[in-house]
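Each chain, written out:
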Amino acid sequence: MGLDAGTYVGYVTAAFGGDAAHSSSAAVSDLVVAKADATISVQGYTGVYNGDAHGASGTATGVNGESLTGL
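Residues numbered from 1 in each chain as written. Predicted model: local features only at pLDDT ≥ 70, side-chain atom pairs only at ≥ 80, totals over all residues. Heavy atoms only, no water.

Visitor: Can you help me understand the overall build of the protein chain in this one?
Guide: Along the backbone of the protein chain there are zero helices and four strands. Secondary structure elements of the protein chain, listed N to C terminal, follow the sequence β-β-β-β. Its C-alpha radius of gyration of 24 Å places the protein chain more than 25% over the 11 Å reference for a compact globule of 71 residues. With respect to the principal axes defined by its C-alpha atoms, the protein chain has extents near 75 × 20 × 20 Å. Here the protein chain holds 71 residues, and 3% of them are scored as buried. Sequence-distant contacts, at least 24 apart, represent 23% of the contacts inside the protein chain between residues at least 6 apart. Surface accessibility of the protein chain: about 5,900 Å² in total, with carbon and sulfur atoms responsible for 55%. (Helix = DSSP H or I, 4+ residues; strand = E, 2+ residues; numbered from the N terminus. Rg over C-alpha atoms; globule rule 2.2 N^0.38 Å. Buried < 20%, exposed > 50% of the residue type's maximum accessible area, 1.4 Å probe, protein only. Contact = heavy atoms within 4.5 Å. Areas by Shrake-Rupley, 256 points an atom, 1.4 Å probe, with all protein chains shown as cover.)

Have a look at this one:
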């Protein structure tokens, strides 16, 4: 299951039923999912974009190190 970045209030729960030496307990907490950014690098052109082709090249790498070239 995937989750979008954000805070999920009361999303995490844990419980321990207890035993002869320990009392039972339970807790609820928030889950915070941070945004992950891809890495994009473009080389070969500097200047103001004017709509014309300029022959730049580049790479794109996803958050897991996978190549995003061609996407």
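Visitor: Looking at this structure, I do not really get the environment of Ala-14. What am I missing?
Guide: Its place among the elements puts Ala-14 in strand β1 (residues 6-16). Considered as a pair, Ala-14 and Gly-55 are 41 residues apart in the sequence and their alpha carbons are 55 Å apart. The contacts of Ala-14, once residues within four sequence positions are left out, are Ser-25, Ala-26 and Ala-27.

Visitor: Got a minute to help me understand the pattern of salt bridges in this structure?
Guide: Any two side chains of opposite charge can pair if their charged atoms end up close together. Following the criterion strictly, the structure yields one salt bridge and no others. For Lys-35, the salt bridge goes to Asp-37, with nearest N and O atoms at 3.5 Å. For the pair Lys-35 and Asp-37, a shared accessibility class is recorded, and that class is exposed. (Salt bridge = Lys/Arg side-chain N within 4 Å of Asp/Glu carboxyl O.)

Visitor: Explanation requested: the packing of aromatic side chains in the structure shown.
Guide: Aromatic rings in a pair are described by how distant their centres are and how their planes are angled relative to each other. This structure, assessed with the given rule, holds one aromatic pair. Ring centres of Tyr-8 and Tyr-11 lie 5.6 Å apart, and the angle between their planes is 55°; on these two criteria the pair is classed as tilted. Its relative accessible area of 38% is what places Tyr-11 among the partly exposed residues. (Phe/Tyr/Trp six-rings, centres within 6.5 Å; stacked < 30°, edge-to-face > 60°.)

Visitor: Could you clarify how one ought to interpret the environment of Val-9 in this entry?
Guide: By the element assignment, Val-9 lies in strand β1. Accessibility expressed as a relative area gives 70% for Val-9, which makes it exposed.

Visitor: Help me out: how do you make sense of the environment of Gly-17 in this one?
Guide: Its place among the elements puts Gly-17 in the loop between β1 and β2 (25-33). Gly-17 gets classed as exposed once you look at its relative accessible area, which sits at 70%. Along the chain, Gly-17 and Leu-68 lie 51 residues apart, while their C-alpha atoms are 47 Å from each other.

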